Structures are given as C-alpha cells and as structure tokens.
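Overview (structure and organization)
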Amino acid sequence: MLKSKTFVKKTRSGGVLKIVREHYLRDDIWCGSEVCTECKQESTVLQRDTCIESNLCAYPHYLIPDTNVVLHQIDVLEDPVIRNVIILQTVLQEVRHRSAPVYKRIKDIIHEKEKHFYTFTNEHHRETFIEREPGESANDRNDRAIRVAATWYTQHLKTSESAADGLKVVLLTNDQGNKQKAAESGLLVFKCEEYIKSLIANPELVDRLALTNDEKNEITSSKVLFPEHLPLSRIQAGIKSGSFLQGTFRASRDNYLEATVFVPGEGEDSTEVLLQGLQNLNRAVHQDVVAVQLLPRDHWVAPSSVVLQDEGMAKDENPEEEEEEKALRLSALEAAKKPTGKVVGIIKRNWRPFCGMLNVSQIKESTRHLFTPADRRIPRIRIETRQASTLAGQRIMVAIDGWPKDSRYPNGHFVRSLGGAGEKDTEEEVLLLEHDVPHQAFSQAVLSFLPKMPWAITPEDMKQRQDLRQLTVCSVDPPGCTDIDDALHCRELDNGNLEVGVHIADVSHFIRPGNALDKEAANRGTTVYLCGKRIDMVPELLSSNLCSLRSNVERLAFSCIWEMNHEAEILKTWFTKSIINSKASLTYAEAQMRIDDTTMNDDITKSLRGLNKLAKILKRRRIENGALTLSSLEVRFHIDSETHDPIDLQTKELMETNSMVEEFMLLANISVAQKIYDEFSECALLRKHPAPPPSNYDILIKAAKSKNVAIHTDSAKALADSLDMATVDSFPYFNTLLRILATRCMMQAVYFCSGMDSDFHHYGLASPIYTHFTSPIRRYSDIIVHRLLAVAIGADSTYPDLMDKHKQSALCNNLNYRHKMAQYAQRASVAFHTQLFFKTRGVLNEEGFVLFVRKNAIIVLIPKFGMEGTVFFDSKDKTAPNLVFDEEGPTLTVEQHTFHIFDKVKVTISLDASNIQHQKIRMALIDPVISGVSVPAEDLEPQSKKSKLDR
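Residues numbered from 1 in each chain as written. Predicted model: local features only at pLDDT ≥ 70, side-chain atom pairs only at ≥ 80, totals over all residues. Heavy atoms only, no water.

With respect to the overall build of the chain
Along the backbone of the chain there are 26 helices and 39 strands. Buried residues in the chain amount to 52% of all 951 residues. A separation threshold of at least 6 residues defines the contact pool for the chain, and within that pool the share at least 24 residues apart is 68%. Accessible surface for the chain amounts to roughly 44100 Å². Of this, 49% is attributable to carbon and sulfur atoms. (Helix = DSSP H or I, 4+ residues; strand = E, 2+ residues; numbered from the N terminus. Buried < 20%, exposed > 50% of the residue type's maximum accessible area, 1.4 Å probe, protein only. Contact = heavy atoms within 4.5 Å. Areas by Shrake-Rupley, 256 points an atom, 1.4 Å probe, with all protein chains shown as cover.)

Right under this line is the structure:
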C-alpha cells in the first residue's frame with residue numbers, strides 16, 4: 001500500500017521544484033511477541049513470561065514508553081529489571097532528532113538480547129500509520145500515533161494465546177493530556193514514576209528516576225535566587241545584533257564563584273569573558289554553550305586570586321552572600337581587568353552523568369542529600385535517595401535533571417554505584433568516566449568483523465604483497481609490550497649503500513572503512529595506557545595477536561623502505577604492502593646489550609648496529625636544523641604481582657636504543673606525510689605543532705636569567721642552540737630543569753586536514769610536514785594515513801569519506817579530543833598510583849627543586865619520583881609569615897628567606913587521606929628552615945607524560 005505527498009519547493013536560483021514523497025505501508029510487520037499466533041514471525045524478542053512484579057499491574061505486561069519517558073528516564077530503562085519493552089518507530093525518530101546521546105543509549109539497549117526491547121515500525125504498518133490532521137501540531141500527531149500503536153497492540157494480543165495468560169500492554173507517559181486521552185480510549189496508562197514506585201523486585205530503582213517538572217517545583221524555595229534565562233528566540237536575535245556573545249562556559253577549579261566564557265573568533269580574534277558571582281554565572285555548568293552579555297566597562301574586574309571551594313549549604317540561601325562579596329573584592333588589584341559579563345541564557349546543555357560522593361544530610365529521616373562531584377568545576381547536585389546509608393563512602397554517578405531559578409543547586413537523580421571510594425578498581429573506573437575514555441567491552445556487532453580463527457595469510461595476500469620474510473627484521477619496545485606496531489631492518493646492498501626498512505602492522509587490512517569495528521576504533525581514537533592497564537582501541541585479537549609484529553610468525557605489514565648512503569642521506573624511498581617474519585622481539589635494554597657486546601656479530605646485532613649508527617647521524621642533523629630536545633620526567637611503577645599495588649616508583653631511564661627507534665619512526669612519518677600530501681593535497685591527514693606565542697617563553701627567559709644564562713626564542717633553532725649552551729658550574733641538573741620548563745612553554749601538537757589549513761610546520765621537530773603512520777594498533781589517525789598511502793601507491797581502493805576534507809577535519813577534532821583526554825587520564829592514573837605508593841610509606845624526606853614561584857607558594861619538583869607539588873605558605877591566620885612577591889624575578893621572600901626558581905630544597909612527603917574523595921600528597925619544608933612557617937601542600941601532580949618529541 002502506498003501513500004504519497006506532493007509539494008513544491010522554491011530553489012536558490014528562483015525556480016520551482018516539484019517533490020513527491022512516497023510512504024509505503026505494509027501489513028506483514030511482526031509484533032515481536034513469542035505468544036502471538038497471528039504474525040508469521042521467524043524470531044521473537046518479547047517474552048511470554050514477562051517477570052516484572054508490580055503492585056499496579058498484577059498481570060504479565062509489556063511496556064510502551066512515550067518519547068519523553070525515553071528521553072528523561074533512560075537511566076531507569078537501562079536497569080536490568082526493566083525488560084519486555086516496545087519502542088515505537090515514532091518514539092525512536094523523535095529521540096534521534098532531540099538527543100544523540102540518548103538515541104545511542106536506547107539503540108544499545110535494543111541490541112542487548114537479555115533486555116528484550118523490541119522496535120515496532122508503526123509508521124509503516126498499515127493499521128498503525130496515521131496522517132497529521134489539519135491544525136494538529138507535530139507533537140500532538142506523534143502522541144496520537146503512540147496511542148494508536150498501543151491500542152493496536154492491545155487488540156492484537158487479545159486475539160492470540162496471550163489472552164489466556166492475561167498479557168496486557170501498559171503505556172508510560174508523564175504528559176497529563178496524553179495520559180487522559182489514553183485512559184479515555186480504554187488503554188492501561190500510568191505515569192512513569194507511579195509505575196516504577198509500584199515495582200516489588202527493585203525499590204531502589206526509584207532513586208534513578210529523573211525529576212519531572214512538577215517535582216522540580218516541589219523541592220525549590222519560593223525565593224527567586226537567579227535571573228530568568230532568556231528564551232532562545234531572544235538569544236538568537238541578541239547574538240545576531242551583537243548585544244550577546246555565544247561561547248563555552250568554563251568553570252574555575254579553584255573558585256566556585258568564578259568562570260570564563262570562551263568566545264571563538266577568526267584567527268586571533270577569540271575572546272574570553274570573565275564571570276564573577278553566582279548571579280552572573282546564572283546556573284551555567286562547565287562546558288555548557290551559553291549566551292553572555294558584557295557588563296559596562298566600569299564594571300570590568302580582574303580574575304580573583306582567592307581559592308574558594310563550595311562547602312555546601314543545607315538549604316537555599318541568597319547567592320548574594322558576604323563570602324561572594326569578599327571574593328570579588330579580593331580580585332588582584334594589580335592585575336589587568338578583563339572583559340566581564342553575565343550569563344543571560346543557555347544555548348546547549350552539555351550535561352553528562354558525574355562521578356562523586358554523597359554528603360549525607362544531617363536531618364534524620366531526610367531523603368534529600370547533596371552530592372559532591374569529583375570534578376571541582378561541577379556544582380553540587382541535590383538528589384533524593386532512600387539508600388543514603390548504603391551509598392555513604394561509595395563513589396556514585398549522578399545525572400542533573402534541571403536547575404530552577406529558585407534553587408541554590410541543580411536537582412538530579414542517582415544513576416548507579418561504582419564501588420567503595422579509594423578502592424583501586426573503583427578509582428580506575430572513575431578516572432576513565434571523568435575523562436570520557438570509552439572503555440566498555442567491545443560489542444558483538446564490533447567483534448563480528450574480526451577475522452575467523454584460525455587465521456592464515458592467503459595465496460591472494462601473497463600475490464598482492466612484497467615477500468620480505470627473508471629480511472632480518474626485529475622489533476624494539478618497552479618490556480611487557482604485546483601490541484607491537486613497528487619493526488626495523490638494516491642491511492648492506494651490493495652497491496655499498498644501506499637499505500633501511502620500517503615495517504608497520506597493516507591494521508587497515510583487518511579494519512575496513514565504515515563497518516562497526518572501524519566506527520568503534522574511530523570513536524575511541526587512541527589506546528589509553530594506565531598504570532598496569534591498557535584500554536585498547538581495537539579488540540585484543542588484533543592488538544596483541546594478528547596485528548602485533550611478534551617474532552617468528554608471519555605478519556602483514558606496510559613497509560617504508562629507504563636506500564641510504566653511510567652518511568644517512570636518502571637516495572631512494574618506496575612504500576609497499578608486505579609480508580614479514582620478525583626474527584626477534586627485543587626490549588630497549590636487550591637491544592642495547594647486543595649493540596654494546598663486541599662478542600656478538602649475528603645478523604640481528606649487525607642490523608641493530610647499522611640502525612644505531614644511522615640514527616645518531618639523523619638525530620644530529622635534525623638538531624642542527626633546529627629540532628628541540630626537551631625533557632619531561634616519566635615515572636615507572638613496579639607493581640606487586642599479587643596485590644597489584646605499586647611497591648616502587650622511579651623515573652624511567654632512556655637508552656640509545658630509545659633514540660634509535662624514535663629517529664626511524666620520525667623519518668617514516670615525515671616520508672609518508674610528504675607522499676600523501678603530494679597525492680592528496682586537499683585531504684591528507686597531517687600533524688602540526690604550532691610555534692608558541694613569545695609571551696609563553698617569559699618564565700623560561702626569567703628562570704635562565706636568574707642564573708645569568710641567556711635564552712633566545714626567535715626560532716626553534718635559536719632556542720635549541722641556547723638550551724644546548726645553558727650550563728651552570730656545580731649545578732649539573734640545571735640544563736634538565738631548563739628543558740622541563742621549556743616543555744611547559746610549548747603548544748599542543750594537533751591533527752588537521754591539509755585542505756583546511758595552510759600552516760603545516762611542526763615546530764618541535766623543525767619539519768615542514770609531519771603525520772602519524774607508525775602506530776596504527778593504538779592510534780586511529782595512523783589507520784587513516786595507511787588508507788591514504790595505500791590508495792596513493794595503488795594498493796587499495798578509496799572511499800568517499802576519505803576524500804571529503806570536511807569529514808576528515810571533523811575526524812581530526814575527535815582525535816585531538818581523545819588524545820588530550822587520554823593524556824589527562826594517564827596523568828590521573830599516575831597520581832592515584834603515587835597516592836597508593838605513599839599510603840604505605842609514612843613520611844619520606846626528599847630533595848627537590850623550585851620549578852615555579854607564585855605569590856604565596858613555591859612549586860617543587862621531586863626528580864626521584866618525577867612529580868611536582870605546590871607548597872602554599874599559610875596566610876589564613878594572624879601568625880602567617882610575611883610574604884613579598886617580586887614578579888620580575890620572579891622571587892618570593894618568606895620572612896628572611898628568598899626563594900628563586902631552581903633553588904634546591906628539602907621536603908617531607910606524606911599522604912593526606914582526610915578527604916577520601918580528594919586525597920592528596922602533603923609536603924612540608926625541611927630545608928631551608930623558616931621559623932614559624934607552616935607549609936601545607938596542595939595536590940601533588942605527576943610530571944606531564946608528554947613525549948620529548950612527537951613520535
């Protein structure tokens with residue numbers, strides 16, 4: 001049966017276009033119930049025994065939620081108790097248009113077989129399709145379509161065996177009008193809340209209910225605390241006229257009464273608007289997209305220098321409180337005033353479920369409690385729960401439902417418990433969730449695209465690839481590495497030159513464009529390495545087996561091969577898909593031992609010596625061209641094999657072989673970058689490292705000057721040369737400290753699409769062009785680069801998205817985000833394991849160096865542990881020491897002692913576990929001794945794990 005709709009549309013050129021939309025209706029769409037005898041269905045989803053016990057529905061039943069129930073109660077629908085649910089096509093389409101995250105979650109539930117969620121395509125069923133009536137809104141039409149489908153199911157199941165079982169259909173809606181009309185038409189209908197409260201099996205499920213608008217009004221005060229948000233129409237008109245600015249709200253970690261709004265612009269025209277005071281923040285939450293109005297210039301202020309944490313009030317109080325006024329007055333008077341404004345409306349909420357802990361109410365029998373998020377930038381959230389005593393001391397997840405103008409805090413609901421606070425597995429889960437690292441098990445849809453085992457290289461593969469199995473190829477990696485991306489070889493040719501090859505796992509052979517495995521890898525973007533744990537980008541069958549270039553097994557590779565002379569000058573470059581058989585999987589230490597042992601002269605060792613000799617020449621030449629050699633202290637934990645707790649902590653030592661591998665990876669990345677750009681100038685995926693603005697170097701120049709050393713920053717070469725010459729007698733660690741400081745001055749390297757940018761230069765490597773080719777097991781960027789290179793050499797076919805610069809650019813944005821969050825997650829993991837390490841150590845005395853000087857603090861680097869801590873000089877009481885800060889130095893004088901950057905100090909280090917959610921390492925100054933000074937430390941943070949280069 002066919003329905004058609006015809007209408008005319010005016011084109012841009014002024015012409016008229018006739019459009020006919022055809023809508024096919026069918027009568028062979030199954031109901032999905034295993035009790036049905038009418039539908040001739042091959043398989044069923046909805047069970048005969050529905051297994052849900054309810055005080056309201058003492059009979060077996062299926063649920064049909066309307067759109068708003070799915071949108072707002074998705075946490076409830078995800079609970080294992082809720083099964084045998086019919087999701088109508090009307091509902092699914094509306095959810096898709098209104099919330100992409102909820103749409104993904106409901107689709108994931110539908111794919112879970114044990115949940116028994118069935119999608120019924122009511123919009124194409126002859127008996128359930130309805131047309132919109134004259135004067136009827138789209139929303140009212142969809143509500144009617146849901147009622148018609150529920151009525152059809154009720155009638156349909158009456159004619160089957162289910163009638164004898166008493167099986168019924170229950171419509172869930174929170175819309176009073178929809179509920180009334182459904183009841184009038186004879187349907188069984190309940191509000192979502194009353195149905196959930198009726199469940200016998202799981203009374204705790206009530207806590208997961210999101211608050212409806214009626215309930216939100218119930219738990220707020222009558223006093224209006226915040227200005228009304230403007231409607232979207234007013235906001236859009238204001239942005240268009242220039243009276244409002246649109247930007248991303250960024251809350252402060254240190255002061256809950258302060259935030260900034262980043263307003264993007266063209267090039268250098270981006271601006272930051274400062275917000276101070278709860279009324280000006282006006283219920284915006286970190287990462288929301290907001291509209292701000294600038295205040296008059298005479299109301300502009302400077303950022304506050306005070307640290308304020310929200311201690312949480314039991315009831316709604318006026319945000320115009322004394323504490324806030326004090327914070328605003330404490331704004332640094334000498335600092336430059338910034339454009340200051342206020343939030344007038346919310347354009348897009350970016351709420352997610354937040355991890356944290358419950359502050360149990362002191363009021364007896366109270367079900368209302370405040371939740372404190374782990375992220376200090378998120379406000380406290382008021383929730384209702386009857387499980388407070390159980391949840392106390394646990395890490396839990398809470399979602400925000402709304403923030404009324406008469407409520408001091410947003411209202412929310414309990415989502416789930418993560419486990420006991422401080423437990424290793426729980427804290428690991430928290431840091432993955434808080435840094436948005438996808439870490440769920442790979443779905444069956446993803447795993448279905450893996451090769452079937454046992455796997456072997458086929459004769460077809462052999463025909464299309466160069467056979468390099470006879471070459472003496474070996475891999476060199478950190479100890480315990482199972483995801484081996486790269487292998488190398490070096491041999492002398494008959495003409496006296498050298499052939500050098502970098503062989504990279506051919507991951508793109510196994511991951512084909514557009515399938516579920518490819519989409520999952522693209523979303524994850526990168527493998528995340530935590531202490532003692534790895535979150536893979538691709539399933540383990542690929543990462544640790546079929547794609548891992550292990551020794552003595554045949555593997556598919558993508559090879560970049562050069563012919564070089566003995567001065568490491570490239571005479572010829574070629575790329576080929578290949579088959580290799582690695583002769584050894586070595587650690588850096590094992591490879592170094594072979595190179596250094598003069599008694600060893602086998603083919604593998606000779607190959608390593610050739611590679612090492614060439615690598616030294618390549619590195620020297622790179623540095624001569626202006627490449628930077630920066631420094632950051634990376635730490636390695638020695639983990640107890642039984643308890644998995646850290647038993648030792650030390651900084652990693654780098655060997656010659658680390659540099660050897662790095663040089664050839666860099667060379668391969670540069671060679672491939674040039675090749676794909678030559679072939680695809682508009683859609684090559686490249687990586688650039690912008691030059692820092694001159695002001696970034698101020699602290700480096702001042703620090704060097706304090707030791708009478710000059711640093712030149714006009715170019716990367718000038719910086720590299722002056723760092724090489726920066727030495728101080730009797731202070732051998734000075735150069736390392738200076739390079740650590742220089743690392744902090746750098747910008748972040750980013751992926752970009754060549755057709756969307758004109759600046760390709762990689763500042764740190766002093767290379768005009770660069771990309772990532774060498775780690776496709778752990779980076780999705782490299783998979784795209786492999787695909788581009790394969791098309792360039794005729795080894796594979798292209799596909800539309802690969803040649804679409806806009807889609808390539810959007811992909812780069814996700815990769816940059818995932819890469820940044822992975823780095824933050826790794827640092828958080830190091831910080832947590834550092835706390836575990838110090839938990840059993842009591843108090844340790846260690847030497848350190850002052851890395852930064854602040855107005856009331858020194859930041860101390862502990863080289864032994866590769867970490868730093870901010871040591872504040874207490875200024876809260878009348879006995880506080882006299883502090884004098886000199887910004888020019890910079891120096892900080894505490895009583896009679898003056899601290900300079902790079903001063904040597906001695907501190908005690910211990911764990912402060914008084915706040916279980918925000919445990920911290922505390923430091924106290926031992927040397928120099930300053931009488932009457934109490935020196936508590938802020939959170940101790942690990943050194944950045946940023947690579948010295950950008951391998």
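Let us keep going from here.
What about the sheet that holds strand β11 (residues 289-294)?
The antiparallel open sheet is built from five strands, whose spatial order is β10-β9-β8-β11-β12. Of all strands in the sheet, those bounded by a partner on one side alone are β10 (271-276) and β12 (341-348). Averaged over all pairs of adjacent strands, the angle between strand axes in this sheet comes to 40°, irrespective of strand direction. In this structure, strand β8 (residues 245-251) lies alongside strand β9 (residues 258-263), joined through four bridges in antiparallel fashion. Residue pairing for β9: T248 is matched across the bridge by F262. The sheet contacts of helix α10 (residues 232-241) involve β8, β11 and β12, and relative to β12 the element is tilted by about 120°. (Pairing = 2+ DSSP bridges. Axes fitted to C-alpha atoms, helices over the stretch in contact; angles between N-to-C directions.)

A word on the nonpolar core
In this structure, L542, W562, L608, F664, L685, F773 and Y780 are the most contacted members of the largest nonpolar core, which totals 87 residues. Each residue touching W562, except ones within four places of it in the same chain, is listed here: L498, E499, V500, V502, I570, K572, T573, W574, F664, L667, A668 and S671. In terms of nonpolar packing, the next biggest core, distinct from the first, is built from 55 residues, I64, I87, F120 and Y153 among them. (Core = buried A, V, L, I, M, F, W, Y, C linked by side-chain atoms within 4.5 Å.)

Description of the sheet that holds strand β36 (residues 897-900)
Pairing within the open sheet is antiparallel, and its three strands lie in the order β34-β35-β36. The strands lining the two open edges of the sheet, one partner per strand, are β34 (883-886) and β36. Neighbour to neighbour, the strand axes of the sheet diverge by 20° on average, direction disregarded. With four bridges connecting them, β34 and strand β35 (residues 891-894) associate as antiparallel partners. When the sheet's bridge partners are listed, F885 is paired in β35 with L892.

A few points about the side chain of T657
Relative to the assigned elements, T657 resides in helix α21 (residues 656-679). If sequence neighbours within four positions are ignored, T657 has contacts with Y588, A591, Q592 and I595.

As for the side chain of H689
Secondary-structure assignment places H689 in the loop between β29 (685-688) and α22 (698-705). Judged by relative accessible area, H689 falls into the buried class, the value being 8%. A distance of 2.9 Å separates a polar atom in the side chain of H689 from the backbone nitrogen of G764. (Polar contact = N/O pair within 3.5 Å; in protein donor to acceptor, adjacent residues only side chain to side chain.)

Re unusual backbone geometry
Residue P454 is reached from M453 by a cis peptide bond, and omega for that bond is -5°. The backbone phi angle of N282 is positive, close to 45°, even though this residue is not glycine. Checked against the element boundaries, N282 lands in the loop between α11 (278-281) and β11. Taking the relative accessible area as the measure of exposure, N282 reaches 0% and is therefore buried. Despite not being glycine, N552 shows a phi value in the positive range, around 65°. Structurally, the position occupied by N552 is in the loop between α18 (540-546) and β24 (554-564). Classification of N552 as exposed rests on a relative accessible area of 56%.

So, helix α4 (residues 100-111)
For α4, which comprises 12 residues, the first-to-last C-alpha distance of 17 Å matches the rise-based estimate of 16 Å (1.5 Å per residue) to within 8%. For α4, the complete set of buried residues consists of V102, Y103, I106, I109 and I110. Buried positions in α4, seen along its axis, are confined to an arc of 125° and lie on one side of it. Exposed and oriented more than 90 degrees from the buried face of α4 are A100, P101 and H111. On its buried face, α4 sits against α1 (67-72), α2 (74-77), β4 (85-88), α3 (89-98) and β5 (117-120). Looking at where α4 begins, the residue whose side-chain oxygen comes 3.3 Å from the main-chain nitrogen of V102 is S99. (Expected span 1.5 Å × (residues − 1). Arc of directions from axis to C-beta.)

Section: the environment of V285
Topologically, V285 is positioned in the loop between α11 and β11. On the basis of relative accessibility, which here comes to 1%, the residue V285 falls in the buried class. For the pair V285 and I346, spaced 61 residues apart in sequence, the C-alpha to C-alpha distance is 9.6 Å. For V285, the contacting residues outside a window of four places in its chain are F249, R349, W351, I378, P379, I400 and W403.

Examining the environment of E868
Locating E868 in the fold gives a position in strand β33 (residues 867-872). Note: C-alpha distance between E868 and L851 (17 residues apart in sequence) is 8.4 Å.

A look at helix α26 (residues 805-839)
Along its 35 residues, α26 runs 51 Å from first to last C-alpha, staying within 8% of the 51 Å computed at 1.5 Å per residue. Two or three places before H806, at the start of α26, stands the capping residue D804, its side-chain oxygen 3.0 Å from that residue's backbone nitrogen.

Regarding the pairing of strand β3 (residues 61-65)
Taken across its five residues, β3 has five buried, putting it largely inside the fold. Burial of β3 is two-sided: the residues H61, L63 and P65 facing one way and the residues Y62 and I64 facing the other way are all buried. Summarising the sheet, β3 and strand β6 (residues 168-172) pair through five bridges and their orientation is parallel. Residue pairing in the sheet places L63 in a bridge with V170 of β6.

Here's the deal with the confidence of the model for the chain
For the chain, per-residue confidence averages 87 on the pLDDT scale, and residues scoring 70 or more make up 89% of the total. Here residues 314-334 is modelled with pLDDT under 50, and outside its nearest four sequence neighbours on either side it reaches 46 contacts, counting other chains as well. Scored below 50 in pLDDT, residues 934-949 makes 66 contacts in the model with residues more than four places away or belonging to other chains. (pLDDT = per-residue confidence, 0-100.)

Details of the pairing of β11
Where a strand is regular, its side chains alternate between the two sheet faces. Of the strand pairs in this sheet, β8 and β11 are connected by four bridges, and their pairing is antiparallel. From the neighbouring strand, Q246 faces β11, where its bridge partner is A291. Strand direction decides the pairing type here: β11 and β12, joined by six bridges, are antiparallel. Residue pairing for β12: L294 is matched across the bridge by G341.

Side note on the packing of aromatic side chains
Using the criterion set out here, one finds 16 aromatic pairs in the structure. Between W152 and Y153, the aromatic rings sit 5.2 Å apart at their centres with planes inclined by 85°, giving edge-to-face as the arrangement. Taking the relative accessible area as the measure of exposure, W152 reaches 10% and is therefore buried. Each ring, one from Y677 and one from F760, has its centre 5.1 Å from the other, and the planes form 85°; the classification is edge-to-face. In this pair, Y677 sits in helix α21 while F760 sits in the loop between β30 (750-753) and α25 (780-792), placing the two residues 83 residues apart along the sequence. By the ring-pair criterion, three or more aromatic residues cluster together here, those being F731, Y733, F734, F849 and F902. One cation-aromatic arrangement involves R524 over F442; the distance from NZ or CZ to the ring centre is 4.0 Å. (Phe/Tyr/Trp six-rings, centres within 6.5 Å; stacked < 30°, edge-to-face > 60°. Lys NZ or Arg CZ within 6 Å of the ring centre and 35° of its normal.)

Some thoughts on the pattern of salt bridges
Applying the stated criterion across every chain, the model contains 48 salt bridges. Across the pair E194 and K179 runs a salt bridge whose closest N-O atoms are separated by 3.9 Å. With E194 in helix α8 (residues 192-197) and K179 in helix α7 (residues 176-184), this pair connects stretches of sequence that are 15 residues apart. Residue class for E194 comes out partly exposed when judged on its relative accessible area of 32%. (Salt bridge = Lys/Arg side-chain N within 4 Å of Asp/Glu carboxyl O.)

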